[in-house]
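Structure at a glance
If you want the building blocks of each chain, they are given just below.
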Amino acid sequence: GQQVMQIPQYQHVQEGEDFTTYCNSSTTLSNIQWYKQRPGGHPVFLIQLVKSGEVKKQKRLTFQFGEAKKNSSLHITATQTTDVGTYFCAGRLETSYDKVIFGPGTSLSVIP
Amino acid sequence: DSGVTQTPKHLITATGQRVTLRCSPRSGDLSVYWYQQSLDQGLQFLIQYYNGEERAKGNILERFSAQQFPDLHSELNLSSLELGDSALYFCASSVGLEVFPANEQFFGPGTRLTVL
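First things first, this report covers the structure right here in the doc. (Residues numbered from 1 in each chain as written. Chains lettered and ligands numbered in written order. Predicted model: local features only at pLDDT ≥ 70, side-chain atom pairs only at ≥ 80, totals over all residues. Heavy atoms only, no water.)

1. Brief notes about the sheet that holds strand β8 (residues 74-78) of chain B
All names here are of chain B.
- Taken in spatial order, the four strands line up as β1-β3-β8-β7 in an open sheet, and their pairing is antiparallel. Edge positions in the sheet fall to β1 (5-7) and β7 (64-68), since each has one partner strand and no second. Adjacent strand axes in the sheet meet at a mean angle of 15 degrees, parallel and antiparallel pairs treated alike.
- Inspection of the sheet shows strand β3 (residues 19-24) paired to β8 by five bridges, in the antiparallel sense. Pairing of C23 across the sheet is with S74, part of β8. (Pairing = 2+ DSSP bridges. Helix = DSSP H or I, 4+ residues; strand = E, 2+ residues; numbered from the N terminus. Axes fitted to C-alpha atoms, helices over the stretch in contact; angles between N-to-C directions.)

2. Quick look at the side chain of S79(B)
All names here are of chain B.
- The residue S79 is located in the loop between β8 and β9 (87-94) in this model.
- A polar side-chain atom of S79 sits 2.8 Å from the main-chain carbonyl oxygen of R63.
- Leave out the neighbours within four places in its chain, and S79 touches Q17, R18, R63 and F64. (Polar contact = N/O pair within 3.5 Å; in protein donor to acceptor, adjacent residues only side chain to side chain. Contact = heavy atoms within 4.5 Å.)

3. Some points on the pairing of strand β9 (residues 85-93) of chain A
Residues and elements named next belong to chain A.
- For β9, a buried count of nine out of nine residues is recorded, marking the element as mostly surrounded by other parts of the structure.
- Bridge analysis of strand β4 (residues 29-37) against β9 gives eight bridges, and the strand direction is antiparallel. What sits directly across from L29, in β9, is L93.
- Two strands pair when backbone bridges link them, and β9 and strand β11 (residues 106-111) are joined in this way by three bridges, in the antiparallel orientation. By the bridge assignment for β11, T86 is matched with S107.
- Taking the residues that link successive antiparallel strands as the turn, the β9-strand β10 (residues 100-102) hairpin has six residues. (Buried < 20%, exposed > 50% of the residue type's maximum accessible area, 1.4 Å probe, protein only.)

4. Quick word on the side chain of K69(A)
Residues and elements named next belong to chain A.
- Here K69 is to be found in the loop between β7 (61-65) and β8 (71-76).
- At 4.4 Å, E94 is the nearest oppositely charged side chain to K69, a buried residue that forms no salt bridge.
- At 2.9 Å, the side chain of K69 and the backbone oxygen of V50 are in polar contact.
- Residues within four places of K69 in sequence aside, it is in contact with T27, T28, L29, S30, V50, S52 and E94. (Lys, Arg positive; Asp, Glu negative; His and termini not counted. Salt bridge = Lys/Arg side-chain N within 4 Å of Asp/Glu carboxyl O.)

Shown next, in the form of structure tokens:
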């Protein structure tokens, strides 16, 4: 079946280091969204990417959508302790309006 | 605070029972979405209602049902509960009718359901 995978599953970084999480889909996505969930909290929408090859920036966060619209990445520059949490990608299948699949998430720990 | 409220915060019940989870969307939002988050399955989209009508169905079991009332609050009914239904249930809301809204969708704090 259709799957969305994320790597790595866990990442521990020293504060100030960069962090990247990758989202890979087995099928083409019409668009992709990224969410952040703090421990014990609820998902918070970060951004949506729609176009092939699209790159968007939010302060220290850079989001990219692959040319084939099957993968995406989130890069955080100079991590801070406030970046701690799980980062999820979610995509809607190009072939199915109702089919929204979430990745399993990458859990980020930042060591001060 | 996202403006989306969910009650109750925690629910403990036994297998075979039925429970109702409630969600009030942000003021002005017409769409309500229900999600299930479990340790083994991750976050899964269950169902969406827009202005009182079912808009999209995800991985919702037949034992589960939902509705959205004229005041736009929504309820998720879970029946014949099984151990595997233990999870966090999130409700989210957005302004538009898209199943995967281009604008933000705002999540509530969730209801933690434990089935014993």
